[in-house]
Amino acid sequence: MAKRGEIDPWNIDVVELADKFLKKVEELDLRFSARVLLYAAILVRMKAEILVSEAIFDEDEEVEEELPEIDLNFELPTEESITISEIKPRKPRRYTTLQELIRELRKAEMLEVKKRKRRIVKAKAEDVWEVPHEEDIEETINRVYEELIREFRLRPVISFLKLTKGFDLSRLISYYLSILHLAYRREIELVQEKFYEDIKIKPLS
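Nothing here was measured: the structure is a model prediction, and the numbers come from that model.

Draft legend 1. Spatial organisation of the pairing of strand S5 (residues 200-203). Taken together, the two bridges between strand S3 (residues 158-159) and S5 define a ladder with antiparallel strand orientation. When the bridges of S5 are listed, Ile158 appears paired with Ile201. Across four bridges, strand S4 (residues 188-191) lies against S5 in antiparallel orientation. Its bridge partner lying in S5, Glu189 is registered against Lys202.

Here's what the structure looks like:
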């Protein structure tokens, strides 16, 4: 975009850039580089921090001008662990330079690579991290879709936890990825009322 003159490399609007990046991602298939997904997540977080801070701070208020730090190693706190006095909002800068943005993306990517390496050491690579061929993926997706169609004839809403009860880890991951593909293709609808709870699978039509 900078080479084409669509953005000023010395004055990039992070919010606008995040929107354009996500719009481009929507045009792609799910089987693209994990780096694209990682950068999308980072840009969304940057945008969220900026929008939230703009709602909290007055435009006339003097705030520290710095690019928001992207912490990929955070843990979700419980409601009991948060008090009002502990919340210290900071307004990140809406505009940044291309060099600063690249530096933050690379820093976050390096953190993600380190985390991935630690996970691979702990897991059985042959069971969890084996990347299947595209033909195998399509075959699995089609098999899962046929099974869901049979289940929909018995009930209109399917519980993911009940449907996959007794699955080993490899089969569970394969099944989960398949329903994500099907939802992306608008073959089914996925509903999760609360984070970390069961996923409900519904026919789209």
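Draft legend 2. How the structure looks around the environment of Leu172. Within the fold, Leu172 resides in helix H7 (residues 169-184). Spatially, the C-alpha atoms of Leu172 and Phe160 are 10.0 Å apart, while their sequence positions differ by twelve residues.

Draft legend 3. Focus on the packing of aromatic side chains. Taken as a whole, this structure holds three aromatic pairs when the rule is applied. Residues Phe160 and Tyr176 carry aromatic rings whose centres are separated by 5.9 Å and whose planes lie at 70° to one another, so their mutual orientation is edge-to-face. Here Phe160 is found in helix H6 (residues 160-163), whereas its partner Tyr176 is found in helix H7, with 16 residues between them in sequence. On the accessibility criterion, Tyr176 (35% relative accessible area) is partly exposed. The interplanar angle of 55° and the centroid separation of 6.3 Å between the aromatic rings of Phe195 and Tyr196 together place this pair among those described as tilted. Here Phe195 matches Tyr196 in class, with each residue exposed. Over the aromatic face of Phe167 sits the side chain of Arg171, whose NZ or CZ is 3.7 Å from the ring centroid.

Draft legend 4. Region of interest: the sheet that holds S5. Judged by pairing direction, the sheet is antiparallel, and its three strands sit side by side in the order S3-S5-S4 without closing on themselves. Of all the strands in the sheet, the pair left with one neighbour each is S3 and S4. Sitting on the sheet, H7 touches S4 and S5, and the angle it makes with S4 is about 115°.

Draft legend 5. Here's a closer look at the pattern of salt bridges. As enumerated under the stated definition, the model contains eight salt bridges in all. With a closest N to O distance of 2.7 Å, Glu6 and Arg4 form a salt bridge. On the basis of relative accessibility, which here comes to 43%, the residue Glu6 falls in the partly exposed class. Under the relative-accessibility criterion, Arg4 is labelled exposed at 60%.

Rules used in this analysis
Residues numbered from 1 in each chain as written. Predicted model: local features only at pLDDT ≥ 70, side-chain atom pairs only at ≥ 80, totals over all residues. Heavy atoms only, no water. Pairing = 2+ DSSP bridges. Helix = DSSP H or I, 4+ residues; strand = E, 2+ residues; numbered from the N terminus. Phe/Tyr/Trp six-rings, centres within 6.5 Å; stacked < 30°, edge-to-face > 60°. Buried < 20%, exposed > 50% of the residue type's maximum accessible area, 1.4 Å probe, protein only. Lys NZ or Arg CZ within 6 Å of the ring centre and 35° of its normal. Contact = heavy atoms within 4.5 Å. Axes fitted to C-alpha atoms, helices over the stretch in contact; angles between N-to-C directions. Salt bridge = Lys/Arg side-chain N within 4 Å of Asp/Glu carboxyl O.

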